[in-house]
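# Coordinates in review
Next come the chains, spelled out residue by residue.
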Number of protein chains: 2
Amino acid sequence: MLSAVERKIEQFIVDLNDKEVRALYSKLPHGKRLRAKLILTIAGSGLSVIKTAAVVEMIHAASLLHDDVIDDAYTRRSRPSLNAVYGNKTAIMLGDILYSKGFLELNAISPEVAKIVSNAVVQLSLGELKDVSLSKTFNLDKEMYLEMIYQKTASLMEASAGAAAYLSGKDKTAYMTYGRNLGIAFQMIDDILDITMDTETLGKPALHDFEEGKTTLPYIYLYEALESKEAEKLKSLHGKKLTTDEQQWIKMMMHNTSVIQKSYNEAKVLIDEAIALMDEKGEKALSNIAIAMIERNF
Amino acid sequence: MLSAVERKIEQFIVDLNDKEVRALYSKLPHGKRLRAKLILTIAGSGLSVIKTAAVVEMIHAASLLHDDVIDDAYTRRSRPSLNAVYGNKTAIMLGDILYSKGFLELNAISPEVAKIVSNAVVQLSLGELKDVSLSKTFNLDKEMYLEMIYQKTASLMEASAGAAAYLSGKDKTAYMTYGRNLGIAFQMIDDILDITMDTETLGKPALHDFEEGKTTLPYIYLYEALESKEAEKLKSLHGKKLTTDEQQWIKMMMHNTSVIQKSYNEAKVLIDEAIALMDEKGEKALSNIAIAMIERNF
């Protein structure tokens, strides 16, 4: 069914009638298509469903293009990112094209779907700004971190599930909660993997987040758990290029304080809630998506 | 009436519930609000009309934010551009926020208005990419130039007029032609002013377009008009920082070949057609907007 989504995206791209856009789009990695998978699993494979999945994936691709420019990220999924190869400007422009074509096609699906998805894109773009702002300080406010990852990552998954539930006449609220929990847990785990995975598996430098100024959940918990002298040391390393020794020290402190496990458990609570909601509705495939997410280690 | 549009935009910004966005938006120059003026002049001041004008101006502001990043433009209307003060990344993110909030609000106006405006944003973003691509070569294809300025500048004016006509039950086709002609002529004149105005009046360096690799209408006509040796010289200067002598030479050649007048006349034909269309409909105020545009010299 996912191949129908790929074909629909390709058709939307061809519609644009611009050779350069076609060539650039063909260079983009397709990713896991997690949002499309959610939508199809909830709502089947009717034309409106396929279109919604295609639009959401185009919007997601647009947001990644802009994110990579904003985060100075030169690799994505172990390969050079589009901005690394074609420059930041091209990445910005291709992002704008994918966003706007996505919005145009939303109108042709349904006003309600358009509202749900475009509301999520507002949240997503506000989340990106908040992410950058928070990373300028040594943020220790867990609520701010959670709000930011909700906006930046979970809002579009929440909207994907909500739009799919709407299109298939299912209970929107439950599915949106499922999508939101999945999205927040997804980002929490991504943030954990930035610490626990090696560079090769991750496809980007490990502890990159902290070097970039991002204090994700394990860092917030670590600061709380450390004695004041060590907490000061952690703070002094924030937003800097770390030596191997400094990296080892952070990882050791995290090990000693079990903050990775604590963070993982927090993601697990959200996933368990999502699973319970779906089990109640007999949505085994959706429960399985949630289980796979908490078990992923790459 | 324009102040009602400003208030509506401010309300949309406040809706976002983000202090940083409010602060950033307050730093943006408001510009001429030409598109809002068009919309109100065509359709009056009902709530949907005000909302449409507000959305179009937010989208226009978003496109300028991204344009300034893409064109490395550090001044806008004689003042430092937002990217010059807050960095390219902030400009990209604020642009994304304004775009997405604009699209979200479009859904609340009417599906037809949403379709007209979001279609224009697709064209606008394709136009930006084409502008950058064309400027990598010494483009002498007038049709490509015209298509690009239609997409980049005229499409949103065309859509503004079309959405306003739709909202007020007027003849959409005629008003869209009016808006398109106005938009193409507006860009042609902008391109002429880049050559004829001094740096102080322009608020940016003169002959900047050609240095940036852009061969606008006067350059295309100049190349056609010059003897082969001089044409080669013109080509050799394309996309380079010009000395004062080289600038003087280009201006002298343009004077000798009357290509500025020829380009201006071409804009004038479009404006005359727009005026005739509006005169026919008794739309004096719209004819006057068109007259003011062809007479502007700053």
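Residues numbered from 1 in each chain as written. Chains lettered and ligands numbered in written order. Predicted model: local features only at pLDDT ≥ 70, side-chain atom pairs only at ≥ 80, totals over all residues.

## Concerning the overall build of chain A
Check the secondary structure of chain A and you find 16 helices and 2 strands. Against the globule reference of 19 Å for 298 residues, chain A gives a C-alpha radius of gyration of 20 Å, in line with a compact fold. Taken across its 298 residues, chain A has 49% of its residues classed as buried. By sequence separation, contacts in chain A at least 24 residues apart represent 70% of the contacts at least 6 residues apart. (Helix = DSSP H or I, 4+ residues; strand = E, 2+ residues; numbered from the N terminus. Rg over C-alpha atoms; globule rule 2.2 N^0.38 Å. Buried ≥ 20, exposed ≤ 12 C-beta atoms within 10 Å, placed from the backbone. Contact = placed C-beta atoms within 7 Å.)

## Structural notes on the interface of chain A and chain B
Contact with chain A, which involves 31 residues of that partner, is made by 31 residues of chain B. Looking at the side of chain A that touches chain B, the elements that each hand over two or more residues are α2 (19–27), α4 (47–70), α6 (88–109) and α7 (111–134) of chain A. For the side of chain A that touches chain B, the leading source of residues is α7 of chain A, giving 13 residues. The class makeup of the residues in the side of chain A that touches chain B is 17 nonpolar, 7 polar and 7 charged. (Nonpolar A, V, L, I, M, F, W, Y, C, P; charged D, E, K, R; others polar.)

## Considering the environment of Asp 141 of chain A
Take Asp 141 of chain A: it is sitting in the loop between α7 and α8 (142–167). Put simply, Asp 141 of chain A and Leu 47 of chain A are 94 residues apart on the chain and 43 Å apart in space, counted from C-alpha to C-alpha.

## Side note on the relation of the copies chain A and chain B
With an axial shift of 0.0 Å and an RMSD of 0.0 Å, the rotation relating chain A to chain B amounts to 180 degrees. Given the turn and translation reported, the copies of this chain are related as if by a two-fold rotation axis. (Least-squares fit on C-alpha atoms with pLDDT ≥ 70 in both.)

## Quick notes on the packing of helix α4 (residues 47–70) of chain B against helix α7 (residues 111–134) of chain B
Residue and element names in this part refer to chain B. For the pair α4 and α7, the least separation of the axes is 12 Å and the interaxial angle reads 15 degrees. Taken together, the axes of α4 and α7 lie roughly parallel to each other. In this structure, α4 meets α7 at a crossing whose hand is right-handed. Of α7, the residues touching α4 (which contributes Thr 52, Val 55, Val 56, Ile 59, Ser 63, Asp 67 and Ile 70) are Val 113, Val 117, Val 121, Leu 124, Glu 128 and Val 132. Taken together, the residues that form the contact of α4 with α7 break down as 9 nonpolar, 2 polar and 2 charged. (Axes fitted to C-alpha atoms, helices over the stretch in contact; angles between N-to-C directions. Parallel < 35°, antiparallel > 145°, perpendicular 65-115°, else oblique. Left-handed = near helix turned anticlockwise from the far one by under 90°.)

## Structural notes on the domain arrangement of chain A
All names here are of chain A. When its domains are assigned, chain A resolves into domain 1 (1–109) and domain 2 (112–161 + 169–298). Relative to domain 2, the C-alpha centre of domain 1 lies at a distance of 23 Å. Taken together, the contact pairs 22 residues of domain 1 with 21 residues of domain 2. Contributions of two or more residues to the side of domain 1 that touches domain 2 are made by α3 (34–43), α4 and α6. (Domains from an automatic or database assignment.)

## Re the nonpolar core
When a protein is soluble and globular, its nonpolar side chains tend to lie buried together. Counting 183 residues, the largest nonpolar core has Ile 39, Val 117 and Ala 164 of chain A together with Ile 39, Val 117 and Ala 164 of chain B as the members making the most contacts within it. Shared between two domains, this core holds at least three residues of each, these being domain 1 (1–109) and domain 2 (112–161 + 169–298) of chain A. Excluding its chain neighbours within four sequence positions, the residues that come into contact with Ile 39 of chain A are Val 49, Thr 52, Ala 53, Val 56, Ser 160, Ala 163 and Ala 164 of chain A. (Core = buried A, V, L, I, M, F, W, Y, C linked by C-beta atoms within 7 Å.)

## Comments concerning the packing of helix α15 (residues 259–280) of chain A against helix α16 (residues 284–295) of chain A
All names here are of chain A. Where α15 contacts α16, the axes come no closer than 8 Å and their chain directions differ by 165 degrees. Comparing the axis directions of α15 and α16 gives the class roughly antiparallel. Of the two elements, α15 crosses α16, and the hand of that crossing is left-handed. The segment α15 lies against α16, with Ala 267, Lys 268, Ile 271, Ala 274, Ile 275, Met 278 and Asp 279 engaging Leu 286, Ser 287, Ala 290, Ile 291, Met 293 and Ile 294. Across the contact of α15 with α16, the residue classes tally to 10 nonpolar, 1 polar and 2 charged.

## Side note on unusual backbone geometry
Residue and element names in this part refer to chain A. Look at Asn 17: it is not a glycine, yet its phi comes out positive at around 60 degrees. Mapped onto the secondary structure, Asn 17 falls in the loop between α1 (2–15) and α2. For Asn 17, a count of 9 C-beta atoms within 10 Å puts it in the exposed group.

## Looking at the environment of Leu 94 of chain B
Residues and elements named next belong to chain B. For Leu 94, the location among the structural elements is in helix α6 (residues 88–109). Residue Leu 94 is classed as buried on the basis of its C-beta count, with 25 C-beta atoms lying within 10 Å. Measuring from C-alpha to C-alpha, the distance between Leu 94 and Leu 82 comes to 9.7 Å, with 12 residues separating the pair along the chain.

## Considerations on α2 of chain A
When we look at burial in α2 of chain A, the residues that qualify are Val 21, Leu 24 and Tyr 25 of chain A. The buried residues of α2 of chain A occupy one face: seen down the axis, they fall within an arc of 100 degrees. Opposite the buried face of α2 of chain A, at more than 90 degrees from it, the exposed residues are Lys 19, Ala 23 and Ser 26 of chain A. Where the residues of α2 of chain A are buried, they touch α1, α5 (82–86) and α6 of chain A together with α7 of chain B. (Arc of directions from axis to C-beta.)

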